[in-house]
Amino acid sequence: MSNITRIDVGPRMSQAVVHGNTVYVSGQVALDAAGESVAAQTRNILERIDAVLAKAGTDKTKVLSASIWLADIAGFAEMNAVWDAWVAKDSAPARATVESKLAAPQYTVEIAVIAAL
């Protein structure tokens, strides 16, 4: 069985877990853009995801799937504009986007990804 590596371990969760050749990135919120627009929060989240993937030894070109939660689906186009600029050309992952009540009202977007090493 492969080793398990945990990245940025906290009392409740790790920011990512690596098992075998797969990286599971926890749901990320816009810690540096809380309360800002959907676009600003999405940009901040994707920057955070880039940083976590780099710590794991991979990058956005190897993202296999993404789960996106929006507090209000009306922000779908705004989020997509930022997402489309970020996603690696010819490397778009499988993706699901849903409307959901998030853990705190200052956050309007949350994104989790799974990537290959």
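Our subject in this report is the structure included herewith. (Residues numbered from 1 in each chain as written. Predicted model: local features only at pLDDT ≥ 70, side-chain atom pairs only at ≥ 80, totals over all residues. Heavy atoms only, no water.)

**Section: the pattern of salt bridges**
Going through the model one piece at a time under the given rule, you end up with one salt bridge. Note that Asp8 is salt-bridged to Lys55, the shortest N-O span being 2.8 Å. Residue Asp8 is located in strand 1 (residues 4–9), and its partner Lys55 is located in helix 1 (residues 38–56); the two are separated by 47 residues in the primary sequence. Overall, the relative accessible area of 38% leaves Asp8 in the partly exposed class. (Salt bridge = Lys/Arg side-chain N within 4 Å of Asp/Glu carboxyl O. Helix = DSSP H or I, 4+ residues; strand = E, 2+ residues; numbered from the N terminus. Buried < 20%, exposed > 50% of the residue type's maximum accessible area, 1.4 Å probe, protein only.)

**As for the environment of Val63**
Along the chain, Val63 turns up in strand 4 (residues 63–70). Judged by relative accessible area, Val63 falls into the buried class, the value being 6%. Sequence separation of Val63 and Ala92 is 29 residues, and the distance between their C-alpha atoms is 7.8 Å.

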